[in-house]
Amino acid sequence: MSGIDPELIDDCVHCGFCLPACPTYLLWGEEMDSPRGRINLMEQHVGGVPITPEMAGHFDACLGCMACVPVCPSGVRYDLLIEQTRAEVERSYRRPPWERALRTLVFHLFPYPRRLRLLRGPLRLYQHPGLRRRIRPLLPAPVAAMSELVPPIRPRIRLPRVVRARGERRAVVGMLTGCVQDAFFAEVNSATARVLAMEGCDVIIPGAQGCCGALSEHSGRAEEAARFSDRLGEVFTRAGVDAVVVNAAGCGSSLKEGSPLRERAAPLAFHDLTEFLMELGPRAERHPLPLSVAYHDACHLAHAQGITAQPRTLLRQIPGLTLREIPSGQTCCGSAGTYNLFQPDAARELGDLKAANVRSTGVDLLVSGNPGCSLQIASALSRAGVRLPVAHTAQVLDASLRGLSRKALRA
Amino acid sequence: MADRLGELARRFTGLLGSDSVITDPVRLRTYECDGLTVHRTTPGLVVLPTTAEQIAAVVTECVRTRTPYVARGSGTGLSGGALPRGDGVLIVTTRMRRVLEIDVVGRRAVVEPGVTNLAITQAALPHGYYYAPDPSSQQVCSIGGNLAENSGGAHCLKYGFTVNHVLAAEIVTPDGEIVTLDALDPGYDLLGAFVGSEGTLGIATKTTVRLTRLPEKVKTLLAAFESTEAGGRAVSAVIGAGIVPAAIEMMDALAIEAAEASVRCEYPPGAGAVLIVELDGPEEEVAAEYAQVVDLCSEAFEIRIAADDVERAAIWKGRKSAFAAVGRISPAYIVQDGVVPRTALPEVLARIDALSAEYGCRVANVFHAGDGNLHPLVLFDDADPRAGARAEELSGAILDLCVRHGGSITGEHGVGVDKSRYMPRMFSEDDLDAMHRLRCAFDPWNLCNPGKIFPTPRLCGEVPGVRRGVHPLVASGEAELW
Ligand SMILES: Cc1cc2nc3c(=O)[nH]c(=O)nc-3n(C[C@H](O)[C@H](O)[C@H](O)COP(=O)(O)OP(=O)(O)OC[C@H]3O[C@@H](n4cnc5c(N)ncnc54)[C@H](O)[C@@H]3O)c2cc1C
Ligand code: SF4
Ligand code: SF4
């Protein structure tokens, strides 16, 4: 028995409307790397064809960007299909040894903030230009790709367990610190906490949150994902909050989806930061930031959570800030969770396309709501020799609320 | 056969490179069908060429080895035109998607065959132009497929079909030659013959299309009626008054239900039918016609006008997604495509209703009302094996109805494999023979998309060296051989 629901497959009428939205179809122009083609492959498997290396390759090549979901007139739940398919691949397909080794490495590293933090030391060493030149050629390609993405390591920031609201309190919220965000973008987390506090929220930041499970879930490791999210649920429930703000798109979309496996995270309401702030309404004063910025739609915000208007509105509310649109903005930047680790070539091509489109806007600053996208696009921009700072929406808001100058955003 | 395909695969790999030749059975099967999924055949081989020369080389090899081949664009065809051959080669154009030239002064664009219909418009829009034919599948269907099917769309009532917008086509002929057919060529209109030939007269490798200036003013209105009859009367009244709207489209209650389920288009509740009327042209003309149209839609219980582009897009969204949206209200369905004279619309619609009741199948109607091009969608549950057969019969009966009323078995989706069996209902043996002779003049070996259009397999008897004995026309003195 396959774990893929044939009824979900049946919903596809083969109209092809999803093809132009799909980044891998854009890259390679072949059916097996389009949503319609992948659904055909799933159908073949459900019909009894075992998962072949070719088949697994086309599923692995799917970014899980979900661009194909909102454009489908028949309402095909490709998000569910690919999740079930990935789990099925993990269950019934034996990957070649080197692939297995790499996956083991990634899944024993990324979802564990503490292990990730341990890496900061060696990485800081690696970022020394002389050493890097000598070591890089010795690394296997995927590890080299991984190492390229790492942002400059900056001192760690320890967040307090509670950040009190400024002025009259309007809400009490929990805040998810995330794995990658916590290890490499700690300043995004502190900006998030400050913005929430300045907007009148008590922010509860329990320690030992661990991973939310998104990384595992999007790679077909459903039980591992459930373990992580259960633990997260417990931590926040014990901290006494019922709403949690998330500032990483991938974590947010995964936590919102819910699943029968993850009971303990279920009673909590998860909100993306921008969504939460829009619902709360602006209260704190916005100081001017004379900047032109482009906002990058993270797939897991735009396609998976339908959040495109809120971050734009929040940015536009900042006096002096002009917002520009990125051409072909709906196409994935190639980051997609672990994608840039497992599919470095495709990720690189998509990153280059995105960098070229971002560059064409001529802005001073790129804003993104997801750490993975920020890493990916920043590294593509620097490959292209473009000096363009990348900031999280929270950091831009933080700068405006605190009346900092544009320099605070390195712009 | 396997040997022959194996040899071809090796040759093609030499010609195109290994990542442009697909031989893995699992991959091949993803190309088993186009938008009409009832017909499926896994191709013997798939090639993904990037140049006309590569296509010519592939075709030449196919001819040499007498291997059938089929062209495929985006695979959205609804008549099985791109259905592959298990013993043949599928030539896919999806990697040929460059817009080669936008010539604003000459008002034309030159594009590769895999470029999507909408991509041409997007490339031309910054210059104030667009590509007029607009099939509902425009964001995905390829211009090569459009040429092959002579595709149309909502705006073809005023602006004409693909054939009216193609100025020239570079094609690879069925003997592997690269030639250009130009509308301005003296002599026979070979370009005219090629457009609409459903991939049987060669493969388009480059197309020059006409660009149309964006109208000064566009006005879109949505009129809701109690019934399709009332809507049909309004259509006849508008056209009868000498107005040629850019588009005049109708959807019935069931089609509206599907569109609501899919894209929440929020059409007026309780409508038995809605009409979408779009007027475009110079400002004053549009204003005058608009007043007239509102008058003529006197039976409508609600009329909405799009205030801006966003509202216009919202009105169109329901219509453009209607086919695929039916997937939301029915497990399976057949998209039918037939034409009737506009004046026969009310009667034909009433008959379709009666047939629907008789066969116990729901039928949703979406159509280009202005030119009488019907798209009845026959809904059925594919879990019930008899339901499919019943739906198929009903769908055929609707075509009979169209032919009986002096219409046609296809308006824009083509004959393909799906409707070849209906051809004799519309054409006599002599008609079919004449068409077949044209085909043989291009493709004497019958290798270029064989098994499509014609009801029974035919051979090209007139090929020199194959025919034995004297041709009957020669014998009777009506023709001579030279
Ligand atoms: C939801 C939906 C809505 C649709 N709406 C419309 C509509 O409003 N109007 C309309 O007219 N059609 C419509 N269609 C049908 C379809 O989109 C058109 O027939 C379209 O032109 C097919 O283009 P394609 O690239 O998908 O061609 P394919 O399906 O790949 O091929 C179609 C035919 O063209 C041939 N072909 C493809 N490329 C070439 C080439 N380069 N040279 C020669 N022959 C070639 C193939 O052999 C085949 O016979 C719709 C389809 C869907 C699924
Ligand atoms: S748009 Fe939806 S129904 Fe159409 S091919 Fe893609 S997944 Fe299938
Ligand atoms: S999720 Fe993204 S990459 Fe995967 S099939 Fe859909 S559009 Fe393509």
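Residues numbered from 1 in each chain as written. Chains lettered and ligands numbered in written order. Predicted model: local features only at pLDDT ≥ 70, side-chain atom pairs only at ≥ 80, totals over all residues. Heavy atoms only, no water.

Some remarks on the sheet that holds strand β6 (residues 108-111) of chain B
Residue and element names in this part refer to chain B.
Phase 1 of the analysis: The five strands lie next to each other as β5-β6-β10-β8-β9, forming an open sheet whose pairing is antiparallel. A strand with exactly one partner marks an edge of an open sheet, and here the two such strands are β5 (99-103) and β9 (178-182). Neighbour-to-neighbour, the strand axes of the sheet open up by a mean angle of 15°, direction not taken into account.
Phase 2 of the analysis: Relative to β9, strand β8 (residues 166-172) runs antiparallel, the two being bridged by five bridges. Counterpart to E170 in the pairing with β9 is T180. (Pairing = 2+ DSSP bridges. Helix = DSSP H or I, 4+ residues; strand = E, 2+ residues; numbered from the N terminus. Axes fitted to C-alpha atoms, helices over the stretch in contact; angles between N-to-C directions.)

Some thoughts on the interface of chain B and chain A
Phase 1 of the analysis: Between chain B and chain A, the residue contacts involve 34 residues of the former and 31 residues of the latter.
Phase 2 of the analysis: Between chain B and chain A the total buried area reaches about 2500 Å² when both faces are included, carbon and sulfur atoms providing 52% of it.
Phase 3 of the analysis: Our count for the chain B to chain A interface comes out at three salt bridges.
Phase 4 of the analysis: Seen at the junction of chain B and chain A, the total is 15 residue pairs in polar contact (both at pLDDT 80 or more).
Phase 5 of the analysis: Of all the secondary-structure elements, those providing two or more residues to the side of chain B that touches chain A are α2 (25-29) and α12 (322-325) of chain B.
Phase 6 of the analysis: For the side of chain B that touches chain A, the leading source of residues is α2 of chain B, giving three residues.
Phase 7 of the analysis: Across the side of chain B that touches chain A, the residue classes break down as nine nonpolar, 13 polar and twelve charged. (Contact = heavy atoms within 4.5 Å. Buried area = accessible area lost by both parts, 1.4 Å probe. Salt bridge = Lys/Arg side-chain N within 4 Å of Asp/Glu carboxyl O. Polar contact = N/O pair within 3.5 Å; in protein donor to acceptor, adjacent residues only side chain to side chain. Nonpolar A, V, L, I, M, F, W, Y, C, P; charged D, E, K, R; others polar.)

Looking at the site of ligand 1
Residues and elements named next belong to chain B.
Phase 1 of the analysis: Residues in close proximity to ligand 1 total 35 residues, the closest being A71, G73, T76, S137 and S142.
Phase 2 of the analysis: Contacts to ligand 1 include G77, whose backbone N or O atom sits 2.7 Å from an oxygen atom.
Phase 3 of the analysis: Expressed as a share of its isolated accessible area of 990 Å², the protein-covered part of ligand 1 is 99%.
Phase 4 of the analysis: Put simply, the parts of the chain that give the shell around ligand 1 at least two residues each are β3 (69-72), α5 (143-149) and β10 (203-210).
Phase 5 of the analysis: Broken down by element, the shell around ligand 1 gets its largest block of residues, five residues, from α5.
Phase 6 of the analysis: Per-class residue counts for the shell around ligand 1 are twelve nonpolar, 19 polar and four charged.
Phase 7 of the analysis: Both domains that furnish three or more residues to the shell around ligand 1 are identified here as domain 1 (2-92) and domain 2 (99-213). (Near = heavy atom within 4 Å. Areas by Shrake-Rupley, 256 points an atom, 1.4 Å probe, with all protein chains shown as cover. Domains from an automatic or database assignment.)

Some thoughts on the confidence of the model for chain A
Phase 1 of the analysis: In the predicted model, chain A carries a mean pLDDT of 86, and 85% of its residues have values of at least 70.
Phase 2 of the analysis: Per-element confidence in chain A is highest for helix α3 (residues 35-46) of chain A, whose mean pLDDT is 97, and lowest for helix α9 (residues 141-149) of chain A, whose mean pLDDT is 62. (pLDDT = per-residue confidence, 0-100.)

Topic: helix α11 (residues 309-320) of chain B
Residues and elements named next belong to chain B.
Phase 1 of the analysis: Between its terminal C-alpha atoms α11 stretches 15 Å, which fits the 16 Å expected from twelve residues at 1.5 Å a residue.
Phase 2 of the analysis: Along α11, the residues classified as buried are R312, I315, W316, G318, R319 and K320.
Phase 3 of the analysis: The opening residue of α11 is D308, an N-cap whose side-chain oxygen sits 3.1 Å from the backbone nitrogen of V310. (Expected span 1.5 Å × (residues − 1). Buried < 20%, exposed > 50% of the residue type's maximum accessible area, 1.4 Å probe, protein only.)

Quick look at the sheet that holds strand β8 (residues 365-368) of chain A
Residue and element names in this part refer to chain A.
Phase 1 of the analysis: Reading across the sheet, the four strands line up as β7-β6-β8-β9 and stay open at both edges, with parallel pairing between neighbours. Two strands in the sheet have a free side with no partner beyond their single neighbour: β7 (321-324) and β9 (390-392). Between one strand and the next, the sheet's axes are offset by a mean angle of 35°, whatever the strand orientation.
Phase 2 of the analysis: One ladder, built from four bridges, connects strand β6 (residues 291-296) with β7; its direction is parallel. In the sheet register, A294 faces β7, and the bridge partner there is R324.
Phase 3 of the analysis: Packed on one face of the sheet, helix α17 (residues 309-316) meets β6, β7 and β8 and runs near 150° to β7.

A look at the domain arrangement of chain B
How large an interface is tends to be reported as the accessible area lost when its parts come together.
Residues and elements named next belong to chain B.
Phase 1 of the analysis: Segmenting chain B into domains produces domain 1 (2-92), domain 2 (99-213), domain 3 (215-329), domain 4 (330-418) and domain 5 (423-475).
Phase 2 of the analysis: The C-alpha-based centres of domain 1 and domain 4 are spaced at 32 Å.
Phase 3 of the analysis: Contacts between the two partners involve seven residues from domain 1, matched on the other side by seven residues from domain 4.
Phase 4 of the analysis: Across the interface of domain 1 and domain 4, roughly 570 Å² is buried in total on both sides, 64% from carbon and sulfur atoms.
Phase 5 of the analysis: A per-residue breakdown of the area domain 1 buries against domain 4 is headed by H39, L78 and S79, which together make up 72% of the total.
Phase 6 of the analysis: Across the domain 1-domain 4 interface, the total number found is zero salt bridges.
Phase 7 of the analysis: Run the count over domain 1 and domain 4 and you get four residue pairs in polar contact (both at pLDDT 80 or more).
Phase 8 of the analysis: Taken together, the residues that form the side of domain 1 that touches domain 4 break down as three nonpolar, four polar and no charged.

Brief notes about the pattern of salt bridges
Phase 1 of the analysis: A full pass over the atoms with the stated rule returns 43 salt bridges over all chains.
Phase 2 of the analysis: Residue E43 of chain A pairs with R40 of chain B through a salt bridge whose shortest N-O separation is 3.7 Å. Of this pair, E43 of chain A sits in helix α3 while R40 of chain B sits in the loop between α2 and β2 (45-47), placing the two residues on different chains.
Phase 3 of the analysis: On the basis of relative accessible area, R40 of chain B is assigned to the partly exposed category, the value being 38%.
Phase 4 of the analysis: Note that R64 of chain B and E61 of chain B form a salt bridge whose closest N and O atoms lie 2.8 Å from each other. Taken as a pair, R64 of chain B and E61 of chain B lie in helix α3 (residues 52-64) at a separation of three residues, close to a single helical turn.
Phase 5 of the analysis: Sharing partners across several salt bridges, the network here consists of E43 of chain A together with R29, E32 and R40 of chain B.

Topic: the packing of aromatic side chains
Phase 1 of the analysis: Scanning the entire structure with this criterion turns up zero aromatic pairs over all chains.
Phase 2 of the analysis: Taking NZ or CZ as reference, R97 of chain B lies 5.7 Å from the ring centre of Y25 of chain A, over its face.
Phase 3 of the analysis: Between K219 of chain B and the ring centre of Y290 of chain B, over which it is positioned, the NZ or CZ distance is 4.5 Å. (Phe/Tyr/Trp six-rings, centres within 6.5 Å; stacked < 30°, edge-to-face > 60°. Lys NZ or Arg CZ within 6 Å of the ring centre and 35° of its normal.)

With respect to the pairing of β6 of chain B
Residue and element names in this part refer to chain B.
Phase 1 of the analysis: Bridging between β5 and β6 involves four bridges; their strand directions are antiparallel. Counted as the bridge partner of E101 is V110 from β6.
Phase 2 of the analysis: Between β5 and β6, which pair antiparallel and follow one another directly, the connecting turn spans four residues, one of which, R107, has a positive phi of 50°.
Phase 3 of the analysis: Of the strand pairs in this sheet, β6 and β10 are connected by four bridges, and their pairing is antiparallel. Across the sheet, R108 pairs through a bridge with R210, a residue of β10.

A short note on the packing of helix α11 (residues 186-198) of chain A against helix α21 (residues 393-402) of chain A
Residue and element names in this part refer to chain A.
Phase 1 of the analysis: In the contact formed by α11 and α21, the axes pass within 8 Å of each other and the chain directions differ by 50°. Of the possible angle classes, the one that applies to α11 and α21 is oblique. Relative to α21, α11 is oriented so that their crossing is left-handed. Of the residues in α21, those touching α11 at E187, V188, A191, T192, R194, V195 and M198 are A394, Q395, L397, D398, L401 and R402. (Parallel < 35°, antiparallel > 145°, perpendicular 65-115°, else oblique. Left-handed = near helix turned anticlockwise from the far one by under 90°.)

Side note on the nonpolar core
Phase 1 of the analysis: M251 and L377 of chain B are the most contacted members of the largest nonpolar core, which totals 68 residues.
Phase 2 of the analysis: Not counting the four nearest positions on each side in its chain, L377 of chain B is found in contact with F323, V326, Y333, I334, V335, R362, V363, A364 and V366 of chain B.
Phase 3 of the analysis: Counting residues in hydrophobic clusters, the runner-up holds 53 residues, among them M198, C333, V358 and I377 of chain A. (Core = buried A, V, L, I, M, F, W, Y, C linked by side-chain atoms within 4.5 Å.)

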